[in-house]
Amino acid sequence: MQHTKILGWGAAVGVAALLAACATSPTGRTQFVGLAPNDAEMGKMGAVAYSDLKKKTKISTDPATNTYVACVSHALLNTFPGDEGKGWEITVFEDDTPNAFALPGKKIGVHTGIFKAAKNQSQLAAVIGHEIGHVEAHHGAERLSVNTAASGAALVAAVLVGSNSSERNMAMAALGAGAAVGVILPFSRTQESEADTLGLRYMAQAGFDPAESITLWQNMNKEGGAKPPEFLSTHPMCFIELKDGYN
């Protein structure tokens, strides 16, 4: 009974936090972003992370590869209104994993390993458009806010339990699992699906073929073998299987 009350208190804290600060994503979805730093601060965090990656990971100096990636990226960014598509930094990293990313602060990174799955410019546009979609939809701020709210609920539960270390550990474990399965993971999957939607929108506006995204996802799934690659780790398996079924 006591654990039920604890979970109830934790849930109440989480719900209150979720209601406290909401925003609307580019697709019209309601987001919880109020516990994250503002856009400028998120941009600084992204720039620091990007700079760190450039120090730790070899950067490609191949002119053809860099020109190709920049061309596809700028074609997507040029569809954005005003100055939103200007000032992005694009880096190709010598990394064999089939991955790419974008960070707040207008940063794009592409691994050379992505070319094992992205066989043409439309497929590369699907990858990069997806990653830009994460930034444009403020998914980093949303993730930080959700994680902060979940951590706050667990902390409240621990305080309510008191000094009994066994009960405290049980409560923290229960709330941690509940937060991961009930809040954080669904948000992550929702974000991935939303980034897919935005990426398709960007590539269509830029003149790329959105249908090529299907082949891209099939290629990405094959690259992962028995385990999906990092790029697909948060996509629902039914979503991957649906894409893989278009043969």
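Reading the values: rules and limits
- Residues numbered from 1 in each chain as written.
- Predicted model: local features only at pLDDT ≥ 70, side-chain atom pairs only at ≥ 80, totals over all residues.
- Heavy atoms only, no water.
- Helix = DSSP H or I, 4+ residues; strand = E, 2+ residues; numbered from the N terminus.
- Phe/Tyr/Trp six-rings, centres within 6.5 Å; stacked < 30°, edge-to-face > 60°.
- Buried < 20%, exposed > 50% of the residue type's maximum accessible area, 1.4 Å probe, protein only.
- Salt bridge = Lys/Arg side-chain N within 4 Å of Asp/Glu carboxyl O.
- Pairing = 2+ DSSP bridges.
- Axes fitted to C-alpha atoms, helices over the stretch in contact; angles between N-to-C directions.
- Contact = heavy atoms within 4.5 Å.
- Parallel < 35°, antiparallel > 145°, perpendicular 65-115°, else oblique.
- Left-handed = near helix turned anticlockwise from the far one by under 90°.
- Nonpolar A, V, L, I, M, F, W, Y, C, P; charged D, E, K, R; others polar.
- pLDDT = per-residue confidence, 0-100.
- Expected span 1.5 Å × (residues − 1).
- Polar contact = N/O pair within 3.5 Å; in protein donor to acceptor, adjacent residues only side chain to side chain.

A few points about unusual backbone geometry
Glycine aside, a negative phi is what most residues show, and trans is what most peptide bonds show. Phi angles above zero are rare outside glycine, and K106 is one such case at about 65°. Checked against the element boundaries, K106 lands in the loop between β4 (100-103) and β5 (107-111). With a phi angle near 55°, H138 is a residue other than glycine that sits in the positive phi range. Relative to the helices and strands, H138 resides in the loop between α4 (121-136) and α5 (139-161).

Digging into the packing of aromatic side chains
Per the stated rule, a full pass over the model turns up five aromatic pairs. Ring plane angle 85° and centroid distance 6.4 Å describe the contact between Y50 and F93, whose orientation is recorded as edge-to-face. Pair noted here: Y50 is in helix α2 (residues 39-56) and F93 is in strand β3 (residues 89-93), with a separation of 43 residues, a long-range link. Since its relative accessible area comes to 1%, Y50 is described here as buried. Between Y50 and F101 the ring centres are 6.3 Å apart and the planes differ by 70°, which places this aromatic pair in the edge-to-face class. You can see Y50 sitting in helix α2 and its partner F101 sitting in strand β4, a full 51 residues away along the chain.

Quick notes on the pattern of salt bridges
Applying the stated criterion across every chain, the model contains seven salt bridges. The shortest N-O distance in the salt bridge between E89 and K107 comes to 2.8 Å. Here E89, found in strand β3, pairs with K107, found in strand β5; they are 18 residues apart in sequence, far enough to count as distant. Owing to a relative accessible area of 26%, E89 belongs among the partly exposed residues under this scheme. Residues joined in a network through salt bridges with shared partners are R29, E142 and E194.

Observations concerning the sheet that holds β5
With mixed pairing, three strands are arranged side by side in an open sheet as β3-β5-β4. Among the strands making up the open sheet, the edge pair consists of β3 and β4. Across this sheet, the average inter-strand angle for adjacent strands is 15°, counted without regard to direction. Bridge count for β3 against β5 is five bridges, and the pairing is parallel. Within β5, the position partnered with V92 by the bridge is V110. Sitting on the sheet, α2 touches β3, β4 and β5, and the angle it makes with β3 is about 30°. Sitting on the sheet, α4 is in contact with β4 and β5, with an inclination near 30° to β4.

Describing the environment of A23
Summarising the element assignment, A23 is placed in strand β1 (residues 22-24). Look at A23 and you get partly exposed, because its relative accessible area is 26%. Along the backbone, A23 and H138 are 115 residues apart, and their C-alpha atoms lie at a distance of 9.8 Å.

Side note on the packing of helix α3 (residues 63-77) against α4
Packing of α3 against α4 leaves a shortest axis separation of 9 Å and a crossing angle of 60°. Put simply, α3 runs oblique to α4. For α3 against α4, the interelement crossing comes out right-handed. Residues Y68, V69, V72, S73, L76 and L77 of α3 touch α4, and the partners they reach there are Q121, L124, A125, I128, G129 and I132. For the contact of α3 with α4, a count of residues per class yields nine nonpolar, three polar and no charged.

Structural notes on the confidence of the model for the chain
The predicted model of the chain has a mean per-residue pLDDT of 76, with 64% of residues at 70 or higher. Model confidence for the chain, summarised as mean pLDDT per element, is weakest for helix α8 (residues 237-244) at 38 and strongest for β3 at 98. Contacts of residues 235-247 to residues separated by more than four positions or lying in other chains number 19 contacts, the stretch itself having pLDDT below 50.

Structural notes on α4
Here α4 is 16 residues long and its end C-alpha atoms lie 21 Å apart, about the 22 Å a rise of 1.5 Å per residue gives. The buried fraction of α4 is high, at 15 of 16 residues. Taking the backbone nitrogen of S122 as reference, a side-chain oxygen 3.1 Å away marks N120 as the first, capping residue of α4. H138 sits one or two positions beyond α4 and adopts a positive phi of about 55°.

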